[in-house]
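Next come the chains, spelled out residue by residue.
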Amino acid sequence: MGTTLGELAVRFGLELAGDPALEVSRVATLQSAGPGSLSFLANPRYRRHLAGTRATAVVLDPRSAGECPAAALVSTNPYAAFARIAQLLHPEPVAPAGIHASAVVDPGAAVASDASVGPQAVIEAGAQVGARAFVGPGCVVMRGARIGPDSRLVARVTLYPGVVLGSRCILHAGVVIGADGFGFAPDRDGYVKVPQVGGVRIGDDVDIGANTTIDRGAIEDTVIEDGVKLDNQVQVGHNVRIGAHTVVAGCVGISGSTVVGKRCMIGGAVGLAGHLELGDEVIVTGYSLVTRSLPGPGMYSSGMPAIPAADWRKTVARLRRLPSLERRLALLEGREPGIDTEIDTEEET
Amino acid sequence: MGTTLGELAVRFGLELAGDPALEVSRVATLQSAGPGSLSFLANPRYRRHLAGTRATAVVLDPRSAGECPAAALVSTNPYAAFARIAQLLHPEPVAPAGIHASAVVDPGAAVASDASVGPQAVIEAGAQVGARAFVGPGCVVMRGARIGPDSRLVARVTLYPGVVLGSRCILHAGVVIGADGFGFAPDRDGYVKVPQVGGVRIGDDVDIGANTTIDRGAIEDTVIEDGVKLDNQVQVGHNVRIGAHTVVAGCVGISGSTVVGKRCMIGGAVGLAGHLELGDEVIVTGYSLVTRSLPGPGMYSSGMPAIPAADWRKTVARLRRLPSLERRLALLEGREPGIDTEIDTEEET
Amino acid sequence: MGTTLGELAVRFGLELAGDPALEVSRVATLQSAGPGSLSFLANPRYRRHLAGTRATAVVLDPRSAGECPAAALVSTNPYAAFARIAQLLHPEPVAPAGIHASAVVDPGAAVASDASVGPQAVIEAGAQVGARAFVGPGCVVMRGARIGPDSRLVARVTLYPGVVLGSRCILHAGVVIGADGFGFAPDRDGYVKVPQVGGVRIGDDVDIGANTTIDRGAIEDTVIEDGVKLDNQVQVGHNVRIGAHTVVAGCVGISGSTVVGKRCMIGGAVGLAGHLELGDEVIVTGYSLVTRSLPGPGMYSSGMPAIPAADWRKTVARLRRLPSLERRLALLEGREPGIDTEIDTEEET
């Protein structure tokens, strides 16, 4: 079941230093690899493990190739080359085509003959499931939702009415696409629900992590462009647009109507306020709060690193003393302390 | 299928400037509206789109009515008026009454004859489903849970034993109500689980967003009062109480035993520590941490806005230099720097 | 159905001050307790309710025993003793052994004869369900996943292929274990998915809260050791290891490859960056961001407490003026302001 290094070199356009007849059948870390394993070196942090590896072959860059004790598959982007080889060595098992007897598929739904619908799934009228698509156990695909070819809803995914999903997407368990956006009009006696009549359009090659939620638009659509990667427990509000090939790490919240550019990187637990515009290639580091539109390219932050708790309490107390510090300084300088107020007005957010 | 402007004006008590025989059949934004569309203007940010709209009618306030190029439905609260009209034009499809053949309903459960139970749902013994209520596909309603009239569990909602839900609530996919609160007693060999024997009581007209979780009480109940609106991925700990008509944005976490007042607004990703009391009409802006009880009404914040990463790194470094800054200032003033310590003690949190 | 105080004293090794023939049948708070109720006093904050309680018996520590108006069950750890008694008085209802007719269990799965599989559950080939284990309604246990004896998947839990779960674990509704880690290799045309071929190993006596997600490892396994307690909506990235008897509060995010020590306490909404190491007995207070490895034992913080919004806006503005404050101070001191830059470099994170 292995693949020869020669085949891998040809198929992925890699330079091979070593015996092309050697076979590998699985991936492993440099440290844990044994015979028959393929490993890789992409992060310099792990270079120290290279000399001792027992891997049959290692994917690495030209600069490290000379130090490799095993066969070397050389690439200028070893991580991407490794990823492609790993996909070949560890293919997703293919579910058998057809609809499981326990699934409930409305006669008005259109399921491709080579698609697979798992046990306990529900597919409502007007829904479409594309060629070779997989609707896993316990998924709910509501009326009129459309799933493109080769997309996989792993398990217990919910697509609300009219959601449109492109090709080759992967949606992990617990994902909810198309729930109502958070729209309520305040009135004398509380709030009136604003019907959310927009949809959600998701492009091709989009990956969505477990328990992530993407709301439908209020009037127009929420849009996720091609190649976007969302981690677990991300929340995307109504009418957000996320540009192509942007990656969003876990626990991020994106408020309504915010537009994120293409090829952005949004770190874990970041919060984006509503109605903002982030340019292309914006990087926001983890645990930052974005309250203003940000031009791209650029890197932005506001995450405060933890320190010993006693020191942090003093820092917080000193922050509260900043006004008095400024006054004392102004007195020493012989300046009028009162002018601070005006400066504040200009600089406040 | 449209509705005349005359009917709308009468039904919702609006002043009409325009032909009462004109019909509208759907809602649209000012920019995208075409003939037959109803639009609205509530946020001054969108006023610039009013002159060019092709909507048949616009809901707006008296001050903007004169500039409206289409028929005007005038209200002092145009957003709420629009919401009500949108509900009329875009009604929720009514699920047919009855229990789907694939649902598993215990003979000891009481399901109203005009309620609807969707495919693959599970309803355990002693559970009650009220008149015209909807239990969507894949929902689990455990023993003794009660669902009030006209409430909707959209799909894959879980109600734990004994949870009580009022009338006209909407619970979106992935919601979990009544899981065990996080109660563990430390002991020599780790932790002992503290059984969570309280319940969850939810009032009328409560909306709960996708994948939100509300834990059952440890001994007494967790309580969500009438008209509360919770966005997606909100976490509500055991024995929390949320007052009537409070709105909570996405990704908020409310720790155990905290009481939130009525008509509060809690911004996205806010964290509330446990055992606090927030008064009525408290506003907490997004991404703030609340560690003390807050009187209401009032607005509170601690979210730090992101800035260019290089500037932020310098800010963090300078924060750590604040003690030396204070010492240097005290020296210039001829004061004893040591007195800081006592001030710290007073002002620390 | 009650239990006598004498039995409780003997069974749990407690000192009893009161009539051993008295019976209790349920738990209650000091304030709400009536005849037949058992209450407890562990937090000094509630001592003021002791004198007025109508409980039949109270579990408390030796110092408070003298003030108890009811029978006293005395323990040096009253909260743990109370927890054990509450487990006795309020046992989990035992589900009947066997597989519900609506469940879909692959013939190649091994379900213990005294295990219970609920309605609409799905168990795939090669999966194992241990003795007395409970797989609740709507759960999905994928191929080759293993559930240890006496573990409970309450409802709508998803275990991905090959996930291994120990004994006596409790997984609440919406939990997802073993979804793909967030691994994508950047390439010219976007990202290449890196197959996640590691697994998830979970020890004994682990509790996992509603809608929490734990990703499978990229190559090696993600590991949760014995006795770990995770609250709701926690996100655990690939290849994380969490040490035995560590507790993690709600909404925490732990990034990939981070190792958390034993007996740690991670507060609500904390974010841990990736590839870090936290020692044993590390406490991180709520809403902190951890960007560096932290030695244990120790307590660390960076959560900023909310204050009135107007004051907070001024604080943010003043933070931005810190550089000019430092310059002004240096001028008064007759120092060269430019030296700041070098200090920055040293102290930056």
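The shown structure was predicted, so the numbers you read here are calculated from the model rather than taken from an experiment.

Some details on the overall build of chain A
Along its length, chain A carries five helices and 40 strands. Principal-axis analysis of the C-alpha atoms gives chain A an extent of 85 × 60 × 35 Å. The proportion of buried residues among the 349 residues of chain A is 54%. Put simply, 19% of the contacts in chain A that link residues at least 6 apart link residues at least 24 apart.

Considering the domain arrangement of chain A
Each assigned domain of chain A is listed here: domain 1 (3-89), domain 2 (98-300) and domain 3 (310-347). Between the C-alpha centres of domain 2 of chain A and domain 3 of chain A there is a distance of 45 Å.

Quick notes on the interface of chain B and chain C
Taken together, the contact pairs 61 residues of chain B with 60 residues of chain C. Looking at the side of chain B that touches chain C, the elements that each hand over two or more residues are strand S21 (176-179), strand S22 (184-187), strand S23 (190-193), strand S26 (213-215), strand S38 (289-290), strand S39 (298-301) and helix H4 (309-333) of chain B. The biggest single contributor to the side of chain B that touches chain C is H4(B), with twelve residues. The sheet contact formed by S39(B) and strand S40 (residues 307-308) of chain C spans two bridges and is antiparallel. Among the inter-strand pairings, B:Tyr300 is bridged to a residue of S40(C), identified as C:Pro308.

What about the environment of B:Leu171?
Residues and elements named next belong to chain B. One can find Leu 171 in strand S20 (residues 170-171). Classification of Leu 171 as buried rests on a count of 31 C-beta atoms within 10 Å. Distance in space between the C-alpha atoms of Leu 171 and Ser 151 is 8.1 Å, their sequence separation being 20 residues. In contact with Leu 171, not counting residues within four places along its chain, are Leu 153, Val 154, Val 157 and Ile 208.

Describing the interface of chain A and chain C
Listed as interface residues are 60 residues of chain A and, on the opposing side, 60 residues of chain C. Elements supplying a minimum of two residues to the side of chain A that touches chain C: helix H3 (78-89), strand S40 (307-308), helix H4 (309-333) and helix H5 (340-347) of chain A. In terms of residues, the side of chain A that touches chain C owes the most to one element, H4(A), which gives ten residues. Partitioning the side of chain A that touches chain C into residue classes produces 29 nonpolar, 21 polar and ten charged.

Topic: the relation of the copies chain B and chain C
Superposition of chain B onto chain C requires a rotation of 120° combined with a translation of 0.0 Å along the rotation axis, giving an RMSD of 0.0 Å. Classification of the inter-copy transformation places it as that of a three-fold axis. When you check the interface residues of chain B against chain C, a mere 20% turn up at the interface there too, and the two sides of the contact use different surfaces.

Examining the confidence of the model for chain A
Residues and elements named next belong to chain A. Of all residues in chain A, 96% have pLDDT values of 70 or greater, and the mean over the chain is 94. Taken as a whole, residues 339-349 scores under 50 in pLDDT and shows twelve contacts with residues more than four places along the chain or in a different chain. Interface confidence for the predicted complex, expressed as ipTM, amounts to 0.95; the pTM equals 0.96.

Focus: the environment of A:Leu5
Residue and element names in this part refer to chain A. Secondary-structure assignment places Leu 5 in helix H1 (residues 5-12). Among the residues examined, Leu 5 registers 25 C-beta atoms within 10 Å and is labelled buried. Once you skip the residues sitting within four places of it in the chain, Leu 5 turns out to touch Leu 16, Gly 18, Asp 19, Pro 20, Leu 22, Val 24, Ala 57, Ala 71 and Leu 73.

Quick look at the sheet that holds strand S7 (residues 71-74) of chain A
Note: strands within a sheet are paired through backbone hydrogen bonds, in either parallel or antiparallel orientation. All names here are of chain A. Sheet architecture is open: five strands sit in the order S2-S7-S6-S5-S4, paired in mixed fashion. Two strands close off the open sheet at either side, each with one partner strand: strand S2 (15-17) and strand S4 (26-27). Both S4 and strand S5 (residues 37-40) contribute to a ladder of two bridges, which runs parallel. Residue pairing across strands places Arg 26 opposite Ser 37, the latter belonging to S5. H1 rests against S2, strand S6 (57-60) and S7 of the sheet, and its axis sits at about 10° to S7.

Some details on H3(A)
Residue and element names in this part refer to chain A. Over its twelve residues, H3 runs 16 Å from end to end, which matches the ideal 16 Å to within 8%, given 1.5 Å per residue. Extensive coverage of H3 is indicated by the burial of nine of its twelve residues. If you check which residues of H3 are buried, you get Pro 78, Tyr 79, Ala 80, Ala 81, Phe 82, Ala 83, Arg 84, Ile 85 and Ala 86.

Digging into the relation of the copies chain A and chain C
When chain A is fitted to chain C, the best match, at an RMSD of 0.0 Å, comes from turning it 120° and sliding it 0.0 Å along the axis. Different-surface contact between copies: only 20% of interface residues of chain A are shared with the interface of chain C.

So, the environment of C:Ser37
Residues and elements named next belong to chain C. Looking at where Ser 37 falls in the secondary structure, it is placed in strand S5 (residues 37-40). Separated by eleven residues in sequence, Ser 37 and Arg 48 have C-alpha atoms that sit 18 Å apart. Residues contacting Ser 37, with those up to four places away along its chain left out, are Val 24, Arg 26, Val 27, Ala 28, Ala 55 and Thr 56.

Describing the pairing of strand S6 (residues 57-60) of chain B
All names here are of chain B. Burial along S6 is two-sided: Ala 57 and Val 59 and Val 58 and Leu 60, pointing in opposite directions, are all buried. As paired elements, S6 and strand S7 (residues 71-74) share four bridges and run parallel to each other. By the bridge assignment, Leu 60 is partnered in S7 with Val 74.

Here we look at unusual backbone geometry
Of the consecutive residues B:Gly296 and B:Pro297, the connecting peptide bond is found in the cis state with omega at -5°. Position of B:Pro297 relative to the elements: it lies in the loop between S38 and S39. In this model, C:Asp205 sits at a positive phi of 60°, which is unusual for a non-glycine residue. Examined against the element boundaries, C:Asp205 turns out to sit in the loop between strand S24 (200-202) and strand S25 (207-208).

Quick look at H4(A)
One full turn of an α-helix is made of 3.6 residues, so residues set three or four places apart face in the same direction. All names here are of chain A. With 25 residues, H4 should reach 36 Å at 1.5 Å per residue; the first-to-last C-alpha distance of 35 Å fits that figure. Within H4, the axis deviates most sharply at Arg 321, by approximately 50°, and proline Pro 323 lies no more than four positions further along. Considered for burial, the residues of H4 that qualify are Trp 312, Lys 314, Val 316, Arg 318 and Leu 322. Among the residues trailing H4, Gly 334 stands out with phi positive, at a value near 75°.

Quick word on the packing of H4(A) against H4(B)
In contact at an axis separation of 10 Å, H4(A) and H4(B) are set at 35° when each is read in the N-to-C sense. Crossing of H4(A) against H4(B): the hand is left-handed. Contacts from A:Thr315, A:Arg318, A:Leu325, A:Arg328, A:Leu329 and A:Leu332 of H4(A) reach H4(B) at B:Leu319, B:Leu322, B:Pro323, B:Glu326, B:Leu329, B:Leu332 and B:Glu333. Here the residues of the contact of H4(A) with H4(B) sort into eight nonpolar, one polar and four charged.

Some words on the sheet that holds strand S2 (residues 15-17) of chain B
All names here are of chain B. Judged by pairing direction, the sheet is mixed, and its five strands sit side by side in the order S2-S7-S6-S5-S4 without closing on themselves. Either end of the sheet is taken by a strand with one partner, and the two such strands are S2 and strand S4 (26-27). Each of S2, S6 and S7 is contacted by helix H1 (residues 5-12), which is oriented at about 10° to S7, the strand it contacts most.

Regarding the nonpolar core
Counting residues in hydrophobic clusters, the biggest one holds 342 residues, and the most contacted among them are A:Ile123, A:Val141, B:Ile123, B:Val141, C:Ile123 and C:Val141. Discounting chain neighbours no more than four positions away, the residues touching A:Ile123 are A:Val105, A:Asp106, A:Ala109, A:Val111, A:Val117, A:Val129, A:Val135 and A:Val141.

Section: the pairing of strand S21 (residues 176-179) of chain A
Residue and element names in this part refer to chain A. When strand S18 (residues 158-159) meets S21, the two strands line up parallel, connected through two bridges. Its bridge partner being in S21, Leu 159 is matched across the sheet by Ile 177. One ladder, built from three bridges, connects S21 with strand S26 (residues 213-215); its direction is parallel. Residue Val 176 lies in a different strand from S26, and its bridge partner there is Thr 213.

Cut-offs used in this document
- Residues numbered from 1 in each chain as written.
- Chains lettered and ligands numbered in written order.
- Predicted model: local features only at pLDDT ≥ 70, side-chain atom pairs only at ≥ 80, totals over all residues.
- Helix = DSSP H or I, 4+ residues; strand = E, 2+ residues; numbered from the N terminus.
- Buried ≥ 20, exposed ≤ 12 C-beta atoms within 10 Å, placed from the backbone.
- Contact = placed C-beta atoms within 7 Å.
- Domains from an automatic or database assignment.
- Pairing = 2+ DSSP bridges.
- Nonpolar A, V, L, I, M, F, W, Y, C, P; charged D, E, K, R; others polar.
- Least-squares fit on C-alpha atoms with pLDDT ≥ 70 in both.
- pLDDT = per-residue confidence, 0-100.
- Axes fitted to C-alpha atoms, helices over the stretch in contact; angles between N-to-C directions.
- Expected span 1.5 Å × (residues − 1).
- Bend = angle between axes of the 7 residues up to and from the residue.
- Left-handed = near helix turned anticlockwise from the far one by under 90°.
- Core = buried A, V, L, I, M, F, W, Y, C linked by C-beta atoms within 7 Å.

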